[in-house]
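Given next are the chains, with one letter for each unit.
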Amino acid sequence: MFPVTLTLLLLQQPLVVSSTEDDRYICTEKSLAHCKGDLVIAGIFPFYSWEFVHNMNDPAAQQQSNHINLKKYQLLLTLVLAVEEINKNAHLLPNMTIGFEIYSAHYKDTDLLEDPLIWLSGKNKNSPNYTCRRDSKALAVLTGTSSTSVPIGTLLDLYKLPQFTFGSFDPLLSDHRKFGTVYQMAAKDSALALAIVSLMLHFSWTWVGLFITEDDYGVWFLSELREEMDKNGVCLAFENMITYSAFLDFTDDLWMHRQLVESSTNVIIIYGDSKFLLSFILKFGYFLITEKVWVMNSPYDDVTIAKRHFLIDPFHAPLIFSHHHRNTSGFTNFILTEIFSKNSRDNSLPRSWIQSVYCLLVKSDCRDLGHCSYIATLDWMLRHIFDMTMSDESYNIYNAVYAVSYALHQMIFHLMEEQPVHNAQPRAFLSSQLHPFLKKSQFTNPVGDQVVLNEERKSETEYDIMSFWNFPEGLGQRVKVGKFSPSRSHDQQLILFENLIEWPIGITKAPQSVCTESCGPGFRKTSLEGNATCCFDCIPCSENEISNVTDMQQCVRCPDNQLANTERNTCLLKTESFLAYEDPLGMALACTSLCCSVLTATVLGVFIKHQDTPIVKANNRALSYILLISLICCFLCSLLFLGRPHTATCLLQHTTFAVVFTVVVSTVLAKTITVVLAFTFTAPGRSMRQWLRSRAPNLIIPICTLIQLTLCGLWLGISPPFVDTDVHSEHGHVIILCNMGSLSVFYCVLGYLGFLALASFTVSFLARNLPDTFNEAKFLTFSMLVFCSVWLTFLPVYHSTKGKVIVAMEVFSILASSGGLLGCIFAPKCYIILMRPERNSLSRFRESSHSQRQKPHSCYNVW
């Protein structure tokens, strides 16, 4: 293994240990570690972090102190691994070696530029614009967070020296007019807001809190997060943008702690770089905060909180979104076989260094260090200090070193093609010449991931969702519990292994985090004025409206043929309503119709049997037969109104009713006219007798019926009746009915029938007092009075009822009017024929005639 010089960060004085073969002295440079090479990459790593020294009695007396973050040592190991792989690669930079110099980034802003100036000047000199090196070997610089990268980038831009940042992406550094030599290895978190919101939606967390860094990147991320939250109905219970200087102000600690504890949200998002996260955790880690789920971004992986003894950790098991990269098994093997192998021939990390690090961690147990074996100490260090998995920052360093090497490789070949290099005089070049090649750099690293330096050509990054379990002695375990891939379809972007999720203290399962409980099926959300959209009231759905999912903005109206159930969460098919034969009312009307038909047929049979008797022969026997047959048809046509309507019944219902009743009414009219003519124009010697003898009144029936048939034909031809439904008249029912089609023609048909009925009633009323034994003028008058009364009563009922009731009323009116005609006209005659046959004789007729001999026109009967 190549020679490495390390500075041990012990106590306050740096101690340099050299293992080089040709330099056996204490180095006078301030680099913590360096490796010689033809070209040198400088690394300014944040080995120091800071913490608060709390005074619980006097919060204002809290102070800030620095301490060594041992986990940051992984950054150095990653650099060592990358440089060693490149130097051993015969196909990459042949006959050339890469070296490095490592410096510790100062935590104070006033000292940030000291180490970069020392590195640029050479030796232990801080001389801007001068260099103490004979040959400049500076190739590139690796820097961390934006707090160090921005001022250093401003300085290095003067030298046109490539600078690679391995911390979080910073939009400020994307301004190539100000930072034309800065390359950010971290991908832009363009999908992080979507990933976090997807996690919120997975657990139905719609009410969350937010702590975010108040810088350019924090403002950008907040706008992205708000946009995704607005799209998906997630709201912020509170949002606090905190500056770094605010962490030094302890006056608001209790207020912020109260805000965390008293807030109704159970999920807190913390977004910022590693410095922000560490500051936040150190500031609030001493408060008792339980039952809160913390969602953080990737810099948390580099945060170490060395708590020796504790019972409750408020930041236990946060959910961390870390950039996804493939498994770097070479890093683990490198640590095990090269760095910490006891059989390594070049033990660059002596046992005293490892034991000293252990002593730093367990400060109070240093007295027991001599009792610990080297192997036991090494095993403890491997498991708890040197994380075997590369962090995001380490992976960015790994890619940065390879990016510089590939660009340098391409530049050397490009220079060789332009001007061949003589063997004795190698051509010198400047690091500023790397920029054209770096901007176009695109390669596949040894792990297999595609690396692109051009920010515009970088693909959206994937995220691993990690959970970090804190344990005593500052130990921790990272567990991958999910993954988010923005390139996948929407329903497959988020993958979670919920059985691996360790929830924070006080929580045994995924908690709820909502402002208002979800509105269940049957309710809809209504916003509350002045509150966030996630805070709402639940209002029951209106009549015949449903909501079958939770948190519906509007209820959905059921289709016309369906009805909302009582819970208002589903639509049920409405019950079909029509006057069926199976209904008691339908059965009663059908039986009545059949019975009346049979009765009418019986009356017809009686009349046929006694057709030669005077009472049957009186007032035109043929008209009586026609009337009885028509009444049978009237009774039977009422059956067309019963049962489920279909096309045939709809066509026949009212047309049959109109034609048959036209025959009945016209027959009554003919009989009435016959009576009037018989008593008015049948005196001997009058010419009108011929009209009676020729039976001219019988022509009224076919003429009137023909007119009605013409109207019905027009009706069927223009707009015939059809089967229709009425979904509004009866609640919960769909009325199956016959639509009349053309109402104009329908009213003409009924109007014509009403005109005939009125004419028959008028004529019979005028003839009611004509004398004769067998004169039926009075019966005809009374029958038409019943007929007209029934249908005049039916009209208001028809317009005030719906459904099967109106059909029943129509059938009842048909039966009642037909029964009225049958009873009023034929009941007296049947009584005489069957019960008083002595009155149905010619002798009785003569006796009645003799008693009225002196009365004019008293007994004339043409039949």
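Residues numbered from 1 in each chain as written. Predicted model: local features only at pLDDT ≥ 70, side-chain atom pairs only at ≥ 80, totals over all residues. Heavy atoms only, no water.

Caption draft 1: Quick look at the overall build of the chain. A tally of regular secondary structure across the chain gives 22 helices and 29 strands. Out of the 863 residues in the chain, the part that is buried amounts to 51%. (Helix = DSSP H or I, 4+ residues; strand = E, 2+ residues; numbered from the N terminus. Buried < 20%, exposed > 50% of the residue type's maximum accessible area, 1.4 Å probe, protein only.)

Caption draft 2: Main features of the nonpolar core. Core analysis: the biggest nonpolar cluster contains 54 residues, and Phe607, Leu631, Phe661, Phe787 and Phe826 have the highest contact counts within it. Mapped by element, the contributors of at least two residues to this core are helix H13 (584–609), helix H14 (614–617), helix H15 (621–637), helix H16 (647–680), helix H18 (700–718), helix H19 (743–766), helix H20 (777–800) and helix H21 (804–835). Excluding anything up to four places from it in sequence, Leu631 contacts Thr600, Val664, Ser818, Leu821, Leu822 and Phe826. Core analysis: the second largest hydrophobic core is formed by 50 residues, Phe45, Phe47, Leu81 and Ile102 among them. (Core = buried A, V, L, I, M, F, W, Y, C linked by side-chain atoms within 4.5 Å. Contact = heavy atoms within 4.5 Å.)

Caption draft 3: A look at the pairing of strand E12 (residues 235–242). Where strand E11 (residues 207–213) and E12 come together, seven bridges link them in parallel fashion. Bridge pairing links Phe211 to Asn240 in E12. On the question of chirality, the crossover connecting E11 to the parallel E12 by way of helix H5 (residues 216–232) is right-handed. (Pairing = 2+ DSSP bridges. Right-handed = clockwise from strand over helix to strand, strands pointing away.)

Caption draft 4: Structural context of the packing of aromatic side chains. In total, this model carries 21 aromatic pairs according to the counting rule given. Seen from their ring centres, Phe164 and Tyr183 are 5.4 Å apart, and the 25° between their planes marks the pair as stacked. With Phe164 in strand E9 (residues 163–165) and Tyr183 in strand E10 (residues 182–184), the pair connects residues that are 19 residues apart, well separated along the chain. An identical accessibility class is assigned to Phe164 and Tyr183; each is buried. An aromatic cluster of three or more residues is present, and its members are Phe657, Phe661, Phe787, Trp791, Phe794 and Tyr798. The positively charged end of Lys525 is found above the aromatic ring belonging to Phe536, 4.7 Å away from the centroid. (Phe/Tyr/Trp six-rings, centres within 6.5 Å; stacked < 30°, edge-to-face > 60°. Lys NZ or Arg CZ within 6 Å of the ring centre and 35° of its normal.)

Caption draft 5: Representation of the side chain of Thr672 in the model. By the element assignment, Thr672 lies in helix H16. Given the relative accessible area of 1%, Thr672 is considered buried. Side-chain polar atoms of Thr672 contact the backbone oxygen of Val668, separated by 2.8 Å. Ignoring any residue separated from it by four or fewer positions in sequence, one finds Thr672 in contact with Ser760, Val763, Ser764 and Leu780. (Polar contact = N/O pair within 3.5 Å; in protein donor to acceptor, adjacent residues only side chain to side chain.)

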